[in-house]
Structures are given as structure tokens and as C-alpha cells.
Amino acid sequence: LAQGFHCSNSAPTLEHRRSPSVSAMVQRLAYRRHSRYNTKSNKVRLLRTPGGRLTSLVVKKKAKGPACGDCGKRIIGVPALRPQEYRRLKKR
């Protein structure tokens, strides 16, 4: 070996070559349903599967619940659900 030339410095390791921005990049996801735009009815959140992949999970809309017709306040004792979920609710 020549003087001043060491084997450990001749070939940079993978840690030296990798920049911090490359390791922080995020996998992009496409919408699987509805429109391609970020609308009120098309909200998604990222979900990491047990296999380590990122998928999109469609988020349901938040319900306001029934309100009084006169004063506009929420009715006590009736849960705030989406219209279809009231079908599965116990009536008594």
C-alpha cells in the first residue's frame, strides 16, 4: 500500500453515501375509490400493514346527530351516527 492510502478510507460504506433526505422519503399512495381529489367525501389516512406496506384507509364522515327542530340543540340520549347506521341501532 502507498503511504497515506488506507483500505478503510478507499471505499466509502453505504452509510457514507446515503444522504439523510433519501432515507426520509415517503411512499406515495394513489386514491383507490371515488374521485382523485381531496374532497370531503374522499378523505383517507395512511395505514401500515403488518407486512410493512403503506395503504390508504378510507375515513368515514363524522356525524352531527339529530337536533331539536325548535331550539336546534342536540337531542340527549340519541347517538350521533351517519344515516345508514341508525338502521342497525336498537330501537328500545
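These notes cover the structure that comes with them. Treat the numbers as computed from the prediction; the structure is a model and nothing was measured. (Residues numbered from 1 in each chain as written. Predicted model: local features only at pLDDT ≥ 70, side-chain atom pairs only at ≥ 80, totals over all residues. Heavy atoms only, no water.)

Quick word on the overall build of the protein chain
Just so we agree on the cut-off: The helix and strand labels rest on DSSP assignments: H or I over at least four residues marks a helix, E over at least two residues marks a strand, and numbering proceeds from the N terminus. Per-residue accessibility, obtained with a 1.4 Å probe over protein chains only, is compared with the maximum for each type, and a residue is labelled buried under 20%, exposed over 50%, and partly exposed between these values. Note on definitions: a residue-residue contact is assigned when non-hydrogen atoms from the two residues lie within 4.5 Å. Residue burial considers only the protein chains on display, and all accessible areas are found by Shrake-Rupley using a 1.4 Å probe.
In terms of regular secondary structure, the protein chain is built from three helices and two strands. Across the protein chain, helices and strands are ordered from the amino to the carboxyl terminus as α-α-α-β-β. Relative to its 92 residues, the protein chain shows a buried fraction of 4%. Long-range contacts, defined as pairs at least 24 residues apart, comprise 14% of the intrachain contacts of the protein chain with a sequence gap of at least 6. In the structure as shown, the protein chain presents an accessible area of about 9,000 Å², 55% of it carried by carbon and sulfur atoms.

Points about the pairing of strand β1 (residues 44-48)
Definition in use: Note on pairing: two strands pair once DSSP finds at least 2 bridges between them.
Here β1 runs beside strand β2 (residues 54-58); their pairing, made up of five bridges, is antiparallel. Residue pairing across strands places R45 opposite L57, the latter belonging to β2.

Description of the pattern of salt bridges
For clarity, the cut-off: Salt bridge criterion: a side-chain nitrogen from Lys or Arg within 4 Å of a carboxyl oxygen from Asp or Glu.
Under the defined criterion, the tally for this structure stands at one salt bridge. A salt bridge links K60 to E85, with the nearest nitrogen and oxygen atoms 3.7 Å apart. Within this pair, whereas K60 is found in the segment after β2, its partner E85 is found in the segment after β2, the two being separated by 25 residues in sequence. Since its relative accessible area comes to 65%, K60 is described here as exposed.

Structural notes on the state of the cysteines
In protein chemistry, a disulfide is the covalent bond that joins the sulfur atoms of two cysteines. Using the following cut-off: Disulfides are defined as cysteine sulfur pairs within 2.5 Å.
Per the stated rule, a full pass over the model turns up zero disulfides. You can see C68 has no disulfide; the closest cysteine sulfur is in C71, sitting 3.7 Å from it. The class of C71 is exposed, set by a relative accessible area of 53%.

Re the environment of L81
Looking at the secondary structure, you find L81 in the segment after β2. When its relative accessible area of 22% is taken as the criterion, L81 is described as partly exposed. Spatially, the C-alpha atoms of L81 and K64 are 7.2 Å apart, while their sequence positions differ by 17 residues. The residues contacting L81, other than those within four sequence positions of it, are A63, Y86 and L89.

Re the side chain of T55
You can see T55 is positioned in strand β2. Residue T55 is classed as buried on the basis of its relative accessible area, which comes to 17%.

As for the side chain of N42
Threshold: Here a polar contact is taken to be a pair of N or O atoms separated by no more than 3.5 Å, where protein atoms must pair a possible hydrogen donor with a possible acceptor and residues adjacent in sequence count only if both atoms sit in side chains.
Relative to the assigned elements, N42 resides in the loop between α3 (20-23) and β1. A polar contact of 3.0 Å, which involves the side chain of N42, links it to the backbone oxygen of Y37. The contacts of N42, once residues within four sequence positions are left out, are Y31, R33, H34, S35 and Y37.

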